[in-house]
Amino acid sequence: MLTRRAFYSASGLIALAALLLIINVFADVFLNNVRFDLTENRLYTLSAGTRSILANLDEPLTLRFYFSNKQFSDMPVVSTYGQRVRELLEEYASLSDGKLRLIVEQPEPFSETEEQAARYGMQGVPGKSSGSYAYFGLVGSNSVGDIRRIPFFQPDQEDALEYTLSKLIYSLANPRKPVVGLLSGLPAMGGSAAARSLPSEPQQDWFTLTQIKQSFDVVSLGTETTHVADNIDVLMLVYPKNLPDKTLFAIDQYVLAGGRVVVFLDAFSEADTSLPKVTSPEQGYVEAVRHANLQRLMNAWGVQLAPGHIAVDRRAAASVMTSRGTPVDYVVWLSLSKNAFNHQDFVTADLQSLVMASSGYLLKRPGATTQMVPLIQTSDQAMQLDAGYVKYGTKPTDLLQTYAPGGTPLVLAARIRGELKSAFPNGLDGADNSHRLTEAQRPVDLIVVADSDMLQDRFWVDFKDFYGRRVAATRADNGAFLINALENLSGSSDLISLRSRARSARPFGKVAALKEAAEKQFRAKERALQIKLSETEQKIGTLRQRNEDGNTLIISPEQREELRAFQSEQSKTRKALRNVQHELTRNIEKLGNRLKLINIGLVPLLVVVVAVVLGLLRARRMRRSGA
């Protein structure tokens, strides 16, 4: 009986092993691309936009992922992120239908692979051993030899990982340099008509234009333009003041046909120094127009520039010097920080600071069919100020006296999306209306900014002479904002649709809360100690007396008593500070012990309980069958 039972047991094990082998072979052959993403934020599920980019690849692309796994073994944040990048790249390759070839390289110090990584422009960081470097980057290439690279993956930019990878792949599949059509009412381009109208100004490009020309082909369009060419990927409108209807009609038709636009309006332009033309003595004084609202098109796009008002914000006010040499907050010039930007949109997600001058603000029109998504906003302490205060030179100190917070953030820049109809429903007299569009062929994607002065050099960049060479030193991310907007709009609709993703790192919220509470307590006691120390030193200074020759320090009894009291109090306070730190450590250790108990002890205990319950049930069934 025992031999027979053992035989059946061995046969069962062999059959089970064979079944598992067959299942593995079947899954490897037929279920290779079947994956299940069980992460909370679906970190490994690519968006519809990325899937569309991969599905439309016309030629094979090669991706070389360089990751020094051994060198980063003692850096868990980088090591974990490297594994995340690799797995996501493998997901890209699996969905590309063979169009993406992924090569994973692990550069060893002083190897040929390391030389290759350096040759491709990968950024090396100091490794574990002396003189060695570690690498964590990506190089992509297409069939004609175009190269795109990510020199180093920054873990703090994980939420933009999918966008960064998809953008690299899209640029390899579409290597043509995007074309930007520039229509400007300001002398942004040195050779433009606006620049020639100012002979006293140096006729050279604004630095923003110098930057975008490195990545885009820029075509200058006149303010009398009657047609926007189809080969223009993005139309950039800068201070479009008093444009004729024929130009507005051309812009309208370009947008309805699917063209992308980034427009810089202004409620009061500090860069516009042009004077109105006086054609006859009878005209007398003619007041200069220093705003550009593009009202007819804005009405059709469902947004408007607040008429006659600018956005001022005490919290974001830039500091300027008065005539007396003292600093004062100038609420008209805004020095905006990270909390003013939309971190879910890749145009503004990574910006650190922006400077805007006498900026207007945007309002959504009632009944608009489009969606207005804020990109840049003021704080809730902003105020709506009549532009006349700036126009007639009100002093910064006087503006502060009249300042009254409004309690609501004001939108300084926004993305406009959705369906819209033509601003010229009946066409335009004198224009070719035979093929005109009356509504958008597909949902539009536009970016509207309420300030054009932010593009001017003086607000965000300084220039220095370096041995005869003009070198720029930026003070804000104004140029980066413009390039981000152009890159985003010049990409495909799939690329524009991507948004920030969640991070794979899961912070220990309870531990962070304990640390934060202890840190607050520690800092409060530390400040109290510093104040007490300063006060005691002042008292000691008043008690000091020196003898007649000034060389011997006399310590009075009061001074000795004060010193003893201070030393005793100092010792007690330092001991209290150490207790705070020790208590923090103990609380974290207690939390860790509880987690270990749950992970190590609770699960086996549950298994034992289940096994005991199953054993009892089986014994009961056996007793019943025996009976």
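Here the structure is shown first, and the text comes after it.
Parameters and conventions
- Residues numbered from 1 in each chain as written.
- Predicted model: local features only at pLDDT ≥ 70, side-chain atom pairs only at ≥ 80, totals over all residues.
- Heavy atoms only, no water.
- Helix = DSSP H or I, 4+ residues; strand = E, 2+ residues; numbered from the N terminus.
- Buried < 20%, exposed > 50% of the residue type's maximum accessible area, 1.4 Å probe, protein only.
- Areas by Shrake-Rupley, 256 points an atom, 1.4 Å probe, with all protein chains shown as cover.
- Expected span 1.5 Å × (residues − 1).
- Arc of directions from axis to C-beta.
- Axes fitted to C-alpha atoms, helices over the stretch in contact; angles between N-to-C directions.
- Parallel < 35°, antiparallel > 145°, perpendicular 65-115°, else oblique.
- Left-handed = near helix turned anticlockwise from the far one by under 90°.
- Contact = heavy atoms within 4.5 Å.
- Nonpolar A, V, L, I, M, F, W, Y, C, P; charged D, E, K, R; others polar.
- Pairing = 2+ DSSP bridges.
- Core = buried A, V, L, I, M, F, W, Y, C linked by side-chain atoms within 4.5 Å.
- Patch = residues over 30% accessible without salt bridge, like charges linked within 9 Å, V, L, I, M, F, W, Y side chains within 5 Å.
- Salt bridge = Lys/Arg side-chain N within 4 Å of Asp/Glu carboxyl O.
- Polar contact = N/O pair within 3.5 Å; in protein donor to acceptor, adjacent residues only side chain to side chain.

Participant: It is not clear to me how the overall build of the chain should be interpreted in this structure. Could you clarify?
Facilitator: Secondary structure assignment for the chain yields 15 helices and 23 strands. In the chain, buried positions account for 39% of the 627 residues. Of the roughly 35,900 Å² that the chain leaves accessible, carbon and sulfur atoms contribute 53%.

Participant: Would you take a moment to explain helix H8 (residues 245-256) for this structure?
Facilitator: Relative to the 16 Å expected for twelve residues at 1.5 Å per residue, H8 spans 16 Å between its end C-alpha atoms, a close match to the ideal helical length. Counting buried positions over the twelve residues of H8 gives ten, a clear majority of the element. Looking at H8, one finds that the buried residues are Thr247, Leu248, Phe249, Ala250, Ile251, Asp252, Gln253, Tyr254, Val255 and Leu256.

Participant: Is there a simple way to think about helix H2 (residues 48-55) in this case?
Facilitator: An α-helical segment advances 3.6 residues per turn. Residues three or four places apart therefore align on the same side. Regarding H2, the residues found buried are Gly49, Thr50, Ile53 and Leu54. Looking straight down H2, one finds that the buried residues subtend no more than 135 degrees of arc, so they occupy a single side. Exposed residues lying more than 90 degrees from the buried face of H2 are Ala48 and Ala55.

Participant: Can you help me understand the packing of H2 against helix H5 (residues 161-173) in this one?
Facilitator: When two helices pack together, their arrangement is captured by the angle between the axes and the distance separating the axes. Two numbers describe how H2 lies on H5: the axes approach to 10 Å, and their chain directions differ by 20 degrees. What the angle tells us is that H2 and H5 run roughly parallel. In the packing of H2 onto H5, the handedness of the crossing is left-handed. Along the contact surface, H2 presents Thr50, Ile53 and Leu54, while H5 presents Glu162, Ser166, Ile169 and Tyr170. Residues that form the contact of H2 with H5 fall into these classes: four nonpolar, two polar and one charged.

Participant: When you look at the sheet that holds strand E12 (residues 317-321) in this model, what are you seeing that I'm missing?
Facilitator: By definition, the strands of a sheet pair up through backbone hydrogen bonds, in either a parallel or an antiparallel sense. A sheet is described by the order of its strands in space; here three strands give the open sequence E12-E13-E14, paired in antiparallel fashion. Pairing within the sheet leaves two strands with one partner each, and these edge strands are E12 and strand E14 (354-357). Taken over all neighbouring pairs, the strand axes of this sheet differ in orientation by 55 degrees on average, direction set aside. When strand E13 (residues 327-336) meets E14, the two strands line up antiparallel, connected through four bridges. Considered in E14, the bridge of Leu336 is made with Leu354.

Participant: What exactly am I supposed to notice about the nonpolar core here?
Facilitator: Note that soluble globular proteins tend to have their nonpolar side chains buried in a common cluster. By size, the foremost hydrophobic cluster in this structure holds 56 residues, and its most contacted members are Val261, Val263, Leu294, Trp301, Ile310 and Leu362. The element contributing the most residues to this core is H8, with seven residues. Look past the residues within four positions of Trp301 in its chain and what remains in contact with it is Ile251, Val255, Val261, Val263, Thr370, Ile416, Leu420 and Leu446. By size, the runner-up hydrophobic cluster in this structure holds 45 residues, among which are Met189, Tyr239, Ala340 and Leu351.

Participant: I'm lost on the pairing of strand E6 (residues 179-184) in this one. Help?
Facilitator: Remember that side chains alternate between the two faces of the sheet whenever the strand is regular. Where burial is concerned, most of E6 is hidden: six out of the six residues are buried. Of the two faces of E6, the one lined by Val179, Gly181 and Leu183 and the one lined by Val180, Leu182 and Ser184 are each fully buried. Direction of pairing for E6 relative to strand E7 (residues 217-220): parallel, over a ladder of four bridges. When the bridges of E7 are listed, Leu182 appears paired with Ser220.

Participant: Honestly, a nonpolar patch on the surface in this entry has me stumped. Any pointers?
Facilitator: Taken together, the side chains of Ile598, Leu602, Leu605, Leu606, Val609, Val610, Val613, Leu614 and Leu617 define a hydrophobic patch exposed on the protein surface, amounting to about 770 Å² of accessible area. Relative to the assigned elements, Val610 resides in helix H15 (residues 557-626).

Participant: Any chance you could explain unusual backbone geometry here in plain terms?
Facilitator: Glycine aside, residues mostly have negative phi, and peptide bonds are mostly found in the trans state. Phi is positive for Asp97, which is not a glycine, with a value near 55 degrees. Mapped onto the elements of the fold, Asp97 is located in the loop between helix H3 (76-95) and strand E2 (100-105). Classification of Asp97 as exposed rests on a relative accessible area of 74%. The phi torsion at Phe110 lies on the positive side, around 65 degrees, for a residue other than glycine. Among the residues examined, Phe110 registers a relative accessible area of 66% and is labelled exposed.

Participant: Looking at this structure, how should I read the side chain of Arg415?
Facilitator: Take Arg415: it is sitting in strand E18 (residues 411-418). Owing to a relative accessible area of 0%, Arg415 belongs among the buried residues under this scheme. For Arg415, the side chain forms a polar contact with the side chain of Asp345, separated by 2.9 Å.

Participant: Would you mind going over the pattern of salt bridges with me for this structure?
Facilitator: Taken as a whole, this structure holds 16 salt bridges when the rule is applied. In this structure, Glu105 engages Arg64 in a salt bridge whose closest nitrogen and oxygen atoms are separated by 3.4 Å. One end of the pair, Glu105, is in strand E2; the other, Arg64, is in strand E1 (residues 61-67), with 41 residues separating them in the sequence. Looking at Glu105, the relative accessible area reads 18%, which means it is buried. Where Lys213 meets Asp205, a salt bridge forms, and the shortest distance between an N and an O atom there is 2.5 Å. Relative accessible area serves as the criterion here: at 34%, Lys213 is assigned to the partly exposed category. A single network of salt bridges, built from pairs that share partners, joins Asp345, Arg415, Arg417 and Asp445.

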